[in-house]
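One letter stands for each residue in the lines below.
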Protein chains: 2
Amino acid sequence: MNPYQFKSQENLSLRQRVFADIRDAIVRGHLKPGDKLRELDISKQMNVSRGPLREALRDLEALGLVVSAPYRETAVADVRKEEVVGLLIPVRLQLELFVLKQTRGKWDEAFFAALEEIVAEMKRAAADNDLFALIEADIRFHEQVLSLDDSTHTQQIWLGIVNRLRLHFIKNTGAFGDLGRVPAEHAALLSALRDESDERIEALWTRHIRDEDCLLCFDEKTD
Amino acid sequence: MNPYQFKSQENLSLRQRVFADIRDAIVRGHLKPGDKLRELDISKQMNVSRGPLREALRDLEALGLVVSAPYRETAVADVRKEEVVGLLIPVRLQLELFVLKQTRGKWDEAFFAALEEIVAEMKRAAADNDLFALIEADIRFHEQVLSLDDSTHTQQIWLGIVNRLRLHFIKNTGAFGDLGRVPAEHAALLSALRDESDERIEALWTRHIRDEDCLLCFDEKTD
DNA sequence: CGATGATCGATTGTTGACAATCTACCAATT
DNA sequence: AATTGGTAGATTGTCAACAATCGATCATCG
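Residues numbered from 1 in each chain as written. Chains lettered and ligands numbered in written order. Predicted model: local features only at pLDDT ≥ 70, side-chain atom pairs only at ≥ 80, totals over all residues. Heavy atoms only, no water.

## A word on the sheet that holds strand β3 (residues 74-76) of chain B
All names here are of chain B.
So, point 1. Taken in spatial order, the three strands of this open sheet run β1-β3-β2, and their pairing is antiparallel. Among the strands making up the open sheet, the edge pair consists of β1 (36-37) and β2 (66-67).
So, point 2. Bridging between β2 and β3 involves two bridges; their strand directions are antiparallel. Counted as the bridge partner of V67 is A75 from β3. (Pairing = 2+ DSSP bridges. Helix = DSSP H or I, 4+ residues; strand = E, 2+ residues; numbered from the N terminus.)

## Overview of the side chain of N163 of chain A
Residues and elements named next belong to chain A.
So, point 1. Inspection of the secondary structure assignment puts N163 in helix α7 (residues 152-171).
So, point 2. On the basis of relative accessibility, which here comes to 2%, the residue N163 falls in the buried class.
So, point 3. Within the structure, the side chain of N163 is placed 3.2 Å from the side chain of R166, a separation counted as a polar contact.
So, point 4. Every residue in contact with N163, bar those within four places of it in the chain, is listed here: R23, V27, L63 and L65. (Buried < 20%, exposed > 50% of the residue type's maximum accessible area, 1.4 Å probe, protein only. Polar contact = N/O pair within 3.5 Å; in protein donor to acceptor, adjacent residues only side chain to side chain. Contact = heavy atoms within 4.5 Å.)

## Structural notes on the relation of the copies chain A and chain B
So, point 1. Mapping chain A onto chain B leaves a residual RMSD of 0.1 Å; the transformation is a rotation of 180° accompanied by 0.0 Å of translation along its axis. When the rotation and shift are considered jointly, the pair of chain copies conforms to a two-fold rotation axis.
So, point 2. Most of the interface of chain A is mirrored in chain B: 100% of its interface residues are interface residues there too. (Least-squares fit on C-alpha atoms with pLDDT ≥ 70 in both.)

## A few points about the protein's contact with DNA strand C
So, point 1. Taken together, 20 residues sit near DNA strand C, with L14 and S49 of chain A together with R38, R50 and R54 of chain B positioned nearest.
So, point 2. Residue S49 of chain A places a main-chain N or O atom 2.9 Å away from a phosphate oxygen belonging to DNA strand C.
So, point 3. At 3.4 Å from a phosphate oxygen of DNA strand C is found a side-chain nitrogen or oxygen belonging to R38 of chain B.
So, point 4. Elements with a contribution of two residues or more to the surface near DNA strand C: α1 (14-27) and α3 (50-62) of chain A together with α3 (50-62) of chain B.
So, point 5. Counting residues per element, the surface near DNA strand C draws most heavily on α3 of chain A, at three residues.
So, point 6. Within the surface near DNA strand C, the residues separate by chemical class into seven nonpolar, four polar and nine charged. (Near = heavy atom within 4 Å. Nonpolar A, V, L, I, M, F, W, Y, C, P; charged D, E, K, R; others polar.)

## Structural notes on the protein's contact with DNA strand D
So, point 1. In the vicinity of DNA strand D, 19 residues are found, and the nearest of them are R38, R50 and R54 of chain A together with L14 and S49 of chain B.
So, point 2. Those atoms of DNA strand D that come within 4 Å of the protein belong to sugar or phosphate at a rate of 72%.
So, point 3. Between DNA strand D and the protein, one listed contact pairs a phosphate oxygen with a side-chain N or O atom of R38 of chain A at 3.3 Å.
So, point 4. Contact between DNA strand D and R54 of chain A: a phosphate oxygen at 2.3 Å from a side-chain N or O atom of the residue.
So, point 5. Mapped onto the surface near DNA strand D, the elements with two or more residues apiece are α3 of chain A together with α1 (14-27) and α3 of chain B.
So, point 6. Partitioning the surface near DNA strand D into residue classes produces seven nonpolar, three polar and nine charged.

## Some details on the packing of aromatic side chains
Residues and elements named next belong to chain A.
So, point 1. Considering all chains together, one arrives at four aromatic pairs over all chains under this definition.
So, point 2. Arranged with centres 5.6 Å apart and planes meeting at 45°, the rings of F111 and F112 form a pair that is tilted. We note that F111, like F112, is buried. (Phe/Tyr/Trp six-rings, centres within 6.5 Å; stacked < 30°, edge-to-face > 60°.)

Here is the structure:
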């Protein structure tokens, strides 16, 4: 056998690359809610025919990042803060707690090391004041946890909310007062996973995810 | 103004009709998990070109009803009972409780009447021993509740799980011992919505949704 | 005999052209 | 002036042909 592990060569179809590009443009904020996505324009810009592009738009629609109606142009969707805070984040919390409970005892050193590495990335991003990288690392931290469970449904539900969370985070950029708090919080979570009891982990985890939206609600309350 | 309210004329694209047909074939059990969906076969059978069909397949994939990989044929997805019971149903419970809390006080007579009508349908279906109709009525009951909230996210998350619930229910058909229990349970829920306190409603609702999977786990434990 | 390479049929991926529909605008009618 | 009807341009919906890739099969070679 091969002693070196090659990364799986991801065979991305045109449709998937197009999808990723548009998604990134949306969650990075280059496309604002309500912006029209005209198929011909985009297909010309990307040098791609409309077939794969249309399929990519349908994928984005399924994730709630765009909205469309027959014969009307597709537009970037909006995400309202109350819905994210009241619904998406609770569902997400439920999802992560489910996986943590489900996989208790399966946490090995490789898992902890991966989280450690992500926390290090967070620190770098916070030091650089790179908000986007920070958010991506944050998401990757939680995805690493979710990946403990290989159930299709877990991934599917996560996919259904993660991009709207991205959109939400980016939209409420200004609220992140202290970027350094993010790596610190996640480091605390990691150390809890290593040493603390299940109940304590659950309590910490719940508070962490609640705090994340408090960070974001914050800007509404300041003078 | 017109005194008569016309139903909104639904303008369904070919893609949407194709989507609905395949979805029905899957949740009705005519297509079993693992069955291959060859684009050319289906497009010929439906007398439709592959473009809209492919988009419909991508929609089905987003809902977790089919799985596919590049250059490999799409196949009907399977749904494992543990995942439904452990994850989909808890998430669904959370979703419905959220909407109920959110819309408390907005429940009018028209809403109750709609639920009443659905319960009547359930009774008919149970009397006819028509399992499929019963399941559809059950789903419609809960969709009626969810429709109290007009948030996009609520619908989106529901869409992400409802078809897999359908698949699950159909798959575990044999478990439904007493069809009459279903309308009775929902009638109880309805009367609780009318008269009981919020706490009592929440408790009843939680028990109801838990019971639904108990009904389905049932077949594993008999004899 | 086992591993590698080539070939073929089947299936999906992609494209560009054509058809159907929508929106906006303006004229006709009352 | 308000409503209706019609037209034009833009945009999406649909199609059928072509290209790329996959899996199975068999030949080749060590």
